[in-house]
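# Coordinate analysis (summary)
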Amino acid sequence: MAGETINTATDAAGLAAMIARAAEQTGDGKRGLPPVERWNPPFCGDLDMEIRADGTWFYLGTPIGRPALVRLFSTVLRKDEDGKTYLVTPVEKVGIRVEDAPFLAVEMTVTLREDVPVITFRTNLGDVVEAGEEHPLRFKIVGEERQLKPYVHVRGRLEALVSRAVMYDLVELGEVIEVDGVAMFALRSGGAVFPVMPADELDIAAR
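A few points on the structure. (Residues numbered from 1 in each chain as written. Predicted model: local features only at pLDDT ≥ 70, side-chain atom pairs only at ≥ 80, totals over all residues. Heavy atoms only, no water.)

Moving on to the packing of aromatic side chains. Within this structure, the stated rule accounts for 2 aromatic pairs. Judged by centre distance (5.9 Å) and plane angle (80°), the ring pair of phenylalanine 43 and tyrosine 86 falls under edge-to-face. Linking phenylalanine 43 in strand 1 (residues 43–51) with tyrosine 86 in strand 5 (residues 85–88), this pair joins segments that are 43 residues apart in sequence. A relative accessible area of 5% means that tyrosine 86 is categorised as buried. An angle of 15° between the planes, with centres 6.3 Å apart, marks the rings of tryptophan 57 and phenylalanine 73 as stacked. Of this pair, tryptophan 57 sits in strand 2 (residues 57–59) while phenylalanine 73 sits in helix 2 (residues 67–74), and the two are 16 residues apart along the sequence. As far as the burial class goes, tryptophan 57 and phenylalanine 73 line up, both buried. (Phe/Tyr/Trp six-rings, centres within 6.5 Å; stacked < 30°, edge-to-face > 60°. Helix = DSSP H or I, 4+ residues; strand = E, 2+ residues; numbered from the N terminus. Buried < 20%, exposed > 50% of the residue type's maximum accessible area, 1.4 Å probe, protein only.)

This part covers the pattern of salt bridges. Any two side chains of opposite charge can pair if their charged atoms end up close together. For the structure shown, the criterion picks out 12 salt bridges. Residue arginine 78 pairs with aspartate 80 through a salt bridge whose shortest N-O separation is 2.7 Å. Notably, a salt bridge pairs lysine 149 with aspartate 100, separated by 2.5 Å at the nearest N-O pair. Here lysine 149, found in strand 11 (residues 147–155), pairs with aspartate 100, found in the loop between strand 6 (93–98) and strand 7 (103–113); they are 49 residues apart in sequence, far enough to count as distant. Take aspartate 100: its relative accessible area is 25%, and that puts it in the partly exposed class. One connected set of salt bridges, linked through shared partners, spans Asp48, Glu50, Arg52 and Arg97. (Salt bridge = Lys/Arg side-chain N within 4 Å of Asp/Glu carboxyl O.)

One open sheet accounts for 6 strands, arranged 9-8-7-12-11-10; its pairing is mixed. For this open sheet the edge positions go to strand 9 (128–130) and strand 10 (137–142), each flanked by a neighbour on one side alone. Taken pair by pair, the neighbouring strands of this sheet meet at an average axis angle of 40°, ignoring direction. As defined by bridge partners, strand 8 (residues 116–123) adjoins strand 9 across 3 bridges and the pair is classed as antiparallel. Residue threonine 120 lies in a different strand from strand 9, and its bridge partner there is glutamate 130. (Pairing = 2+ DSSP bridges. Axes fitted to C-alpha atoms, helices over the stretch in contact; angles between N-to-C directions.)

Right, let's talk about unusual backbone geometry for a bit. Positioned with a positive phi, glutamate 114 is a non-glycine residue whose angle comes to about 55°. When you line up the elements, glutamate 114 lands in the loop between strand 7 and strand 8. At aspartate 115, a residue that is not glycine, the phi angle is positive and equals roughly 65°. Among the secondary structure elements, aspartate 115 is positioned in the loop between strand 7 and strand 8. By relative accessible area, aspartate 115 is classed as exposed at 71%.

Owing to its 3.6 residues per turn, the α-helix brings residues three or four apart onto one side. Buried residues of helix 3 (residues 164–171): Val166, Met167, Leu170 and Val171, and no others. Across the axial projection of helix 3, the buried residues extend over an arc of 140°, all falling on one side. (Arc of directions from axis to C-beta.)

By themselves, these are just geometric observations and shouldn't be taken as functional.
Right, dumping it as structure tokens:
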């Protein structure tokens, strides 16, 4: 069924069944995330579902208004080697559209752990991750005005886009570090160093 869209007449029933199956895997939320990386179900087509750049989830062109439902779906998200994002259960895999990143980092805190700074992010769906070797930061420069877009790894191949407001707080933590003879604006967290850009480009990107 590659390239096909699931018939909208059966979407509602299929969606409800998927929620029930996912709920069986996630239980009451205390058992952790379901092991979606280990599941290898057949691809069942594309679902008319999209995650917008601002973190809003849409189904059949309408925002999903139940936060608990969105959080449930987020636990069965997986991005595969083909670069596409899917909702995955033990018995089926359906494709969805993601405008930018599936998560949005909406809050940030900084703590010291044995005098080492640790940057912790909270996503719009309740994930909490500490930037470091296991959850690296990634930076893109986009547009003619060369705007900075930071991302933090959440799990699997899934990332969170750091919201604009949080990005400004994040940049405040940066420092200039020499990397291979080049002055780089960089961030430190969890013992790791994340180069952002050449230091002389910072003012342009942060406007």
